[in-house]
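Commentary on secondary and tertiary structure
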Amino acid sequence: FFFFFMVQALPAAAQTNPLPVLNWCLDHFPRFHEFQGRGLPTGPSVNVMQELAKRAGFALNYSPRTPIARCFRQLATGDADLMINLNFTEERDKLMYLFPYSENIPESLYLRGNDLRLIDQFSQLTPLILVTVRNYTYNLTLMALIKNQKEQHIEVDSIAAGFELLRKGRVDGLIVPTQSSLEVIRNNPRFHYQFRKAALSFKFGKPRYVNIGLSRNSKHLHLKEK
């Protein structure tokens, strides 16, 4: 009887110590984590986060598709615990612990397909009207160059909106994340064969890394070292 009681009691005891649940706030980031319909997100970022949860010993709760600015607000209050695919900035470092896990791929400069100018020097950006994506953190050296020409710099809310401006000829060039931009072109037939990448490289001397962020106001900071 005593043995039977102990065997039966084990599941109940295990239930008293459930895994901590960490909230992952995420937007729709093509080629990395994507929402298709009403299901859970898919993509390599999801695989990374699932493996992290497995190794560090926590359960992962996915947010619905959430604008990145709102995710930052949730991390600031501790309502969300985690984000992924983040470039480092001092502002973000104040909100969260940032853990580098992959080297960043430099951004790309797109021109219209019929724009035959050879753009391979930073000095050639000066006369151009350029568009970038709001809330995406670009290389600081690149942003310093762009900020010197505020009247010729436009921000948009998405990569697709930037491509649309470029397609209509309202801007000269679009500077965007390389991998995500390829996915946006692939998924939008009206963008096919409309653009070309400039020869200019945005790879600067010091490497940059992509980070996972853990809110400094998370209730689960005991997992930080893991």
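This section reports on the structure supplied with the text. (Residues numbered from 1 in each chain as written. Predicted model: local features only at pLDDT ≥ 70, side-chain atom pairs only at ≥ 80, totals over all residues. Heavy atoms only, no water.)

1. Structural notes on the overall build of the chain
Worth spelling out the cut-off: Each helix is a run of DSSP H or I of at least 4 residues and each strand a run of E of at least 2, with the numbering of both proceeding from the N terminus. Computation of the radius of gyration draws on C-alpha atoms alone. For the globule rule, the value is 2.2 Å times the number of residues to the power 0.38. Whether two residues are in contact is decided by their heavy atoms: any pair within 4.5 Å suffices. Surface exposure here means Shrake-Rupley accessible area, sampled with a 1.4 Å probe, where a residue is shielded only by the protein chains that are shown. By the counting scheme adopted, Arg and Lys are positive, Glu and Asp are negative, and His together with the chain ends is not counted. To locate a charge, take atom NZ for lysine, CZ for arginine, CG for aspartate or CD for glutamate.
Broken down by element type, the chain carries 7 helices and 10 strands. Its C-alpha atoms give the chain a radius of gyration of 22 Å, more than 25% over the compact-globule value 17 Å for 226 residues. Long-range pairs, those at least 24 residues apart, make up 72% of the contacts in the chain with a sequence separation of at least 6. Counting every atom, the chain has about 13300 Å² of accessible surface; 55% of that belongs to carbon and sulfur. Charged side chains in the chain number 28 positive and 19 negative. The centres of these two groups are separated by 3 Å.

2. Some words on the packing of helix α6 (residues 159–167) against helix α7 (residues 178–187)
Put simply, the rule is: Fitting a line to C-alpha atoms yields each axis, with helices limited to the stretch in contact; the angle taken between N-to-C directions then spans 0 to 180 degrees. Any angle between 65 and 115 degrees counts as roughly perpendicular, while under 35 counts as roughly parallel, over 145 as roughly antiparallel, and the rest as oblique. When the near helix sits turned anticlockwise from the far one by under a right angle, the crossing is termed left-handed; a clockwise turn instead gives a right-handed crossing.
At their nearest, the axes of α6 and α7 sit 10 Å apart, and the two run at 70° to each other. When the axis of α6 is compared with that of α7, the two are roughly perpendicular. Read as a crossing pair, α6 and α7 show a hand that is right-handed. Contact residues: Ile 159, Ala 160 and Phe 163 in α6; Ser 180, Ser 181, Val 184 and Ile 185 in α7.

3. Digging into α6
Basically, it comes down to this: Accessibility here uses a 1.4 Å probe with only protein chains present; expressed as a share of the type maximum, an area under 20% marks a residue as buried, one over 50% as exposed, and anything in between as partly exposed.
Listed as buried for α6 are Ile 159, Gly 162, Phe 163, Glu 164, Leu 165 and Leu 166. The elements touched by buried residues of α6 are β5 (108–112), β6 (130–133), β7 (153–156), β8 (173–176), α7 and β9 (195–197). Where α6 ends, the next residue or the one after it, Gly 169, has phi of about 80°, a positive value.

4. Remarks on the packing of aromatic side chains
What counts is decided by this rule: Between 30 and 60 degrees the pair is tilted, below 30 it is stacked and above 60 it is edge-to-face, where a pair is any two Phe, Tyr or Trp rings, Trp via its six-membered ring, whose centres lie within 6.5 Å.
Tallying each qualifying case throughout the model produces 7 aromatic pairs. Pairing Phe 122 with Phe 202 gives two aromatic rings, centres 6.0 Å apart and planes at 35°, and the pair type is tilted. Within this pair, whereas Phe 122 is found in the loop between β5 and β6, its partner Phe 202 is found in the loop between β9 and β10 (209–215), the two being separated by 80 residues in sequence. Exposure remark for Phe 122: the relative accessible area of 30% places this residue in the partly exposed category. Summarising the aromatic geometry, the rings of Phe 163 and Phe 191 are spaced 5.6 Å apart at their centres and angled 45° between planes, so their arrangement reads as tilted. On the criterion of sequence distance, the pair formed by Phe 163 in helix α6 and Phe 191 in the loop between α7 and β9 is long-range, its members being 28 residues apart.

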